[in-house]
Amino acid sequence: MFDMDRFAKVNQLSKDMKVEVDSVQECHPVVQGRSLPEVPITELSMPGGKKMRALKTMLTTACERNCHYCPFRSGRNMRRQTAKPEEMARTFIDYYEAGMVEGLFLSSGIIKGGVSTQDRLLDTADILRNKYMYRSYLHLKLMPGLDCFQCCLASAHLKTGTSSSARRALRSAVLRAFL
Ligand code: SF4
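Residues numbered from 1 in each chain as written. Predicted model: local features only at pLDDT ≥ 70, side-chain atom pairs only at ≥ 80, totals over all residues.

1. Thoughts on the overall build of the chain
Counting its secondary structure elements, the chain contains five helices and seven strands. Expressed as a percentage of the 179 residues in the chain, the buried residues total 30%. Taking as baseline every contact in the chain between residues at least 6 positions apart, the subset at least 24 positions apart corresponds to 66%. (Helix = DSSP H or I, 4+ residues; strand = E, 2+ residues; numbered from the N terminus. Buried ≥ 20, exposed ≤ 12 C-beta atoms within 10 Å, placed from the backbone. Contact = placed C-beta atoms within 7 Å.)

Take a look at the structure:
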């Protein structure tokens, strides 16, 4: 079944993340022959002057903190949206395979602390790298309060040239060292 709900969620999360409007273009995705709601695509400046079209988005716009400068602060009255790791990964891969984007920039509000939030970001990266075998650009936010081994795992996911067996070996080594 074609799940419109996950596209609506991810598109809304991406719209809420649209803060640098100069580098954003609105796109009208077509996936498996279906026209989907408009989604903003960000042009990132890469080292060497290269430009890259990326989906810049959040896993959730809900946040338990109230940083006064942030549009997602808990005290702000706004509608919140949350995607599951699989929903985010599958939707991004649909856009990637449709040729709309070349990379993913993923952040999140904090729910149930930094460790739990980082786990959901890492789960998304894991699905992308190991289930969908995605090898291109991934920008993954590190949450305040994350564990040291989560930092190692995040850095392994960011290395696009690292094989899945190398990542699995690193994951085992890190878990052995810290647990
Ligand atoms: S923790 Fe992050 S997302 Fe939450 S209010 Fe502060 S800056 Fe915003």
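Now, onward.
2. A closer look at the site of the ligand
In the vicinity of the ligand, the contacting residues are Cys63, Arg65, Cys67, Cys70, Phe72, Arg73, Gly109 and Ile110. For the shell around the ligand, the per-class residue count stands at five nonpolar, one polar and two charged. (Near = placed C-beta within 6 Å. Nonpolar A, V, L, I, M, F, W, Y, C, P; charged D, E, K, R; others polar.)

3. Points about helix α4 (residues 148-158)
All of the buried residues along α4 are Gln150, Leu153, Ala156 and His157. For α4, the arc enclosing every buried residue in end-on projection is 120°, short of the 170-degree limit, so these residues lie on one face. (Arc of directions from axis to C-beta.)

4. Details of helix α2 (residues 85-97)
The end-to-end C-alpha distance of α2 is 18 Å, a good match for the 18 Å that 13 residues give at a rise of 1.5 Å each. The complete set of buried residues in α2 reads Glu87, Met88, Ala89, Thr91, Phe92 and Tyr95. Looking at the buried positions of α2, the neighbouring elements they touch are α1 (4-16), β5 (51-58), β6 (103-107) and α3 (113-131). Where α2 ends, the next residue or the one after it, Gly99, has phi of about 80°, a positive value. (Expected span 1.5 Å × (residues − 1).)

5. Examining the pairing of β6
Across the five residues that make up β6, a large majority, four, are buried. As paired strands, β5 and β6 are joined by five bridges and run parallel to one another. Among the inter-strand pairings, Met58 is bridged to a residue of β6, identified as Ser107. A crossover connection joins β5 to the parallel β6 through α2; in handedness this β-α-β unit is right-handed. As paired elements, β6 and strand β7 (residues 137-140) share four bridges and run parallel to each other. (Pairing = 2+ DSSP bridges. Right-handed = clockwise from strand over helix to strand, strands pointing away.)

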